[in-house]
Amino acid sequence: MLGGSISGGRTNVRVVVVGDRATGKSSLITAAASETFPEEVPPVLPPTRLPADLYPDNVPVTIIDTSSSLESRGKVAEELKRADAVILTYACDQPSTLNRLTTFWLYEFRRLEVSNFVCLIVVVNVVLKNIFVHFSNIKVPVIVVGCKLDKRDEEHHMNLEQVMAPIMQQFREIETCIECSAANLVQVPEVFYYAQKAVLHPTAPLFDHETQALKPRCVRALKRIFILCDHDMDDALNDEELNEFQIKCFNAPLQPAEIVGVKRVVQEKLPQGVNDLGLTLTGFLFLHALFIEKGRLETTWTVLRKFGYNDEIKLKDDNLTIPFKKAPDQSLELTSEAVEFLKGVFSTFDTDKDGVLRNSELEDLFSTAPESPWGEAPYKDAVERTPLGGLSLSAFLSEWALMTLLEPAQSLANLIYIGYNCGAASALRLTRRKSVDRKKQQTDRNVYQCFVFGPKGSGKSALLKSLLGRPFSENYAVTTDEHYAVNVVDRLGGTKKTLVLREIPEDEVKMILSTKESLASCDVAVFAYDSSDEYSLKRASELLMTVARRGEVSGFMVPCLFVAAKDDLDSYPMAIKDSAKICQNFGIDAPIHISVKERDLNSMFNRIVTAAEHPHLSVPETEVGRSQKRYRHLVNRSLMFTSVVAAVAVVGLAAYRSYAARKNTSS
């Protein structure tokens, strides 16, 4: 794998040079910019720019010199925060400045949180011709450079590896080390090349220092690239496929001898890396680990970037553009084409053909994605699982439906990671606006989102769990965060709809409803209350009033259902009459009585879907809303009457003018 590299879209690298007084900062910068050694330099240089064509990546470098004076500390700290890379200097002829690395500067970087970015120390001993390399896990590099190498006498000669090894053990942020001479122009360009390279081709995302291995996300990306290049799907890259890969990434073909050489290197070190069919995935990964070990990170980064990855080894945003302008009350769903693709993926990875994806099979399925997308909230506990934690096809598709609803770009990305290559337009469909659905009195959606409101202890969580088929539990815990549950609901006629329940904690209602568009994504709102508790009913009616009023003010009205939960408990004497009156006042259906404990759900989920399918019904009205509606009708009638009177007047005037004209003619 030969050729140049690409820079990941950066147009400039900003390098800040810091260090003790008289360690050679300004001389180093001047020598790099002018390729001459300055006899005299000012205390602090203005910003210096190295041209783009100086280094292979064709990205210019802006160098910021800094003062070592105490009064300049604040300015230096500000420059460090803006740096893409930091060069920390010491003088080879002043051992005390080397000691200051560990007694002051590296601790100062940590204090300023520079070391939360990265520390890259490059030490190249020109005399001994060796490079001592150490990889770290931080993000933005700090390059430590020994200047004035020409002034070091034999008395101060040292073995860099012996000196730097204990420092690197203490400061894991250190990566590699270099020494140079501005006077003799030795290793001066290399200093800023290493700084630029550390920014454009960072080590941390690719390589784990502790394990001395490629990081999992890097392995996953390279595995996906391998699969994309393995056109005949025989789990090996033959000579033709290797050549196509080389041309795509480096714009140059491999000669037959070079292909043989690549495979020979792999086979000598790792026999299973090559078989009769070509280079295996194991061999492909080994090659990239070898490149990184030899300091050729730009090779692996070029491959990753050619296949659309960013510095976090995720697909770049411009590869995930969704070609729809979505209004707040519209949503995105998977197309039938995407669903069929997912069914095929499910079947492929269900290796034992038991109709369930076990955790190991699911991990294998997402082994070409940066990580499994459903390991954290809101997806982790959102679908029905088998006793061993597996996913049925229905649950698998439900997870995808939820991800598409909440994070369509993330859903599209994961489709691409697992092999979908037909584009966003064929994977996603934009639903119709709800305002249009209300006018047409029907909707064409396949996925409905239901907000579940209710006071503490009303049974909201139990309702969500029942959608997932989970058994009732007497253990009660107050819900403090939003939760989701999603499942497929079978409809009459054999159709299926996906229902998403979103539990809204009572304490979060005010915050969630604080924006105008808060109800735009809601298809149905359910208000649950403990039917044995008078206060619970009262609080549920208050929440209904709040939501109904928010809908009237914002224009995003939603159908609402009142749910009398815990119907297995004895209700208080006036419960039925009070709840019926509340529903009557709002103009919605009578309460739906359910008991999750006794598994009597009274067709609850089908009723929610029915309400969503008829968005013009079950919409609550407040007294304020009714008054405003009557006022609008009155105004409209008045305007209509005025228009009629005006029209009559115009007609009358026209008739009079016609009469007057005839009279004048006859006379």
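As the structure is a prediction and not an experimental result, all values here were calculated from the model.

### Notes on the overall build of the protein chain
When you go through the protein chain residue by residue, the secondary structure sums to 22 helices and 21 strands. Buried residues in the protein chain amount to 49% of all 667 residues. Restricting the contact set of the protein chain to residue pairs at least 6 apart, pairs at least 24 apart contribute 72%.

### A word on the sheet that holds strand 21 (residues 592-593)
The strand order 17-18-16-19-20-21 describes an open sheet built from 6 strands, whose pairing is mixed. The open sheet terminates on both sides in strands that have one partner only, identified here as strand 17 (483-490) and strand 21. Packing of helix 17 (residues 460-467) onto the sheet brings it into contact with strand 16 (447-453), strand 17, strand 18 (496-503) and strand 19 (524-530), and relative to strand 18 it is tilted by some 155 degrees. Its contacts with the sheet put helix 19 (residues 534-554) on strand 16, strand 19 and strand 20 (560-565), and the angle it makes with strand 19 is roughly 165 degrees.

### Description of the pairing of strand 1 (residues 13-19)
The element strand 1 is largely enclosed, with a buried count of 7 among its 7 residues. Burial along strand 1 is two-sided: Val13, Val15, Val17 and Gly19 and Arg14, Val16 and Val18, pointing in opposite directions, are all buried. Sheet topology note: the strand 1/strand 3 (residues 61-65) ladder contains 5 bridges and is parallel. Pairing of Val15 across the sheet is with Ile63, part of strand 3. Here strand 1 pairs with strand 4 (residues 85-91) via 5 bridges, running parallel. Note that in strand 4 the partner of Gly19 across the bridge is Thr89.

### Looking at unusual backbone geometry
Look at the link from Ala377 to Pro378: it is a cis peptide, with omega at 5 degrees. Within the element layout of this structure, Pro378 appears in the loop between helix 12 (359-365) and strand 14 (391-392). The phi angle at Leu185 is positive, at roughly 55 degrees, despite the residue not being glycine. On the basis of relative accessible area, Leu185 is assigned to the partly exposed category, the value being 39%. The phi angle at Ser618 is positive, at roughly 60 degrees, despite the residue not being glycine. Its location among the elements puts Ser618 in the loop between helix 21 (604-613) and helix 22 (623-666). With relative accessibility at 16%, the residue Ser618 sits in the buried group.

### Focus: the nonpolar core
Membership of the largest hydrophobic core comes to 72 residues, with the highest contact counts inside it found for Leu222, Ile225, Leu304, Tyr309, Trp374, Phe396 and Trp400. Of the residues forming this core, the biggest block, 8 residues, is contributed by helix 13 (residues 393-406). When residues no more than four places from it in sequence are discounted, the contact partners of Leu222 are Leu214, Phe284, Leu285, His288, Val303 and Leu304.

### Some words on the UniProt feature "domain: EF-hand" (unreviewed entry) in the protein chain
On the UniProt side, "domain: EF-hand" (unreviewed entry) is annotated at positions that read residues 337-372 here. Annotated as 56% helix and 6% strand, the span residues 337-372 places its first and last C-alpha atoms 23 Å apart.

### Structural notes on the pattern of salt bridges
Counted according to the given criterion, the structure contains 32 salt bridges. One salt bridge connects Arg429 with Asp444, and the closest N-O pair in it is separated by 3.2 Å. Of this pair, Arg429 sits in strand 15 (residues 428-430) while Asp444 sits in the loop between helix 16 (434-440) and strand 16, and the two are 15 residues apart along the sequence. Looking at Arg429, the relative accessible area reads 21%, which means it is partly exposed. Glu542 is the partner of Lys538 in a salt bridge, and the nearest nitrogen-oxygen pair spans 2.8 Å. Placement of both Lys538 and Glu542 in helix 19 is noted, with a separation of 4 residues, approximately one turn of the helix. By relative accessible area, which is 32% here, Glu542 ends up partly exposed. Each of Lys456, Glu506, Asp507, Lys538, Arg539 and Glu542 takes part in one network of salt bridges that share partners.

### Focus on the pairing of strand 7 (residues 142-147)
Within strand 7, 6 of the 6 residues are buried, which leaves the element mostly enclosed by the surrounding structure. Of the two faces of strand 7, the one carrying Val142, Val144 and Gly146 and the one carrying Ile143, Val145 and Cys147 are both buried. One ladder, built from 6 bridges, connects strand 4 with strand 7; its direction is parallel. From the neighbouring strand, Val86 faces strand 7, where its bridge partner is Val142.

Cut-offs applied
- Residues numbered from 1 in each chain as written.
- Predicted model: local features only at pLDDT ≥ 70, side-chain atom pairs only at ≥ 80, totals over all residues.
- Heavy atoms only, no water.
- Helix = DSSP H or I, 4+ residues; strand = E, 2+ residues; numbered from the N terminus.
- Buried < 20%, exposed > 50% of the residue type's maximum accessible area, 1.4 Å probe, protein only.
- Contact = heavy atoms within 4.5 Å.
- Pairing = 2+ DSSP bridges.
- Axes fitted to C-alpha atoms, helices over the stretch in contact; angles between N-to-C directions.
- Core = buried A, V, L, I, M, F, W, Y, C linked by side-chain atoms within 4.5 Å.
- UniProt positions renumbered as here; feature names shortened; annotations may be inferred.
- Salt bridge = Lys/Arg side-chain N within 4 Å of Asp/Glu carboxyl O.

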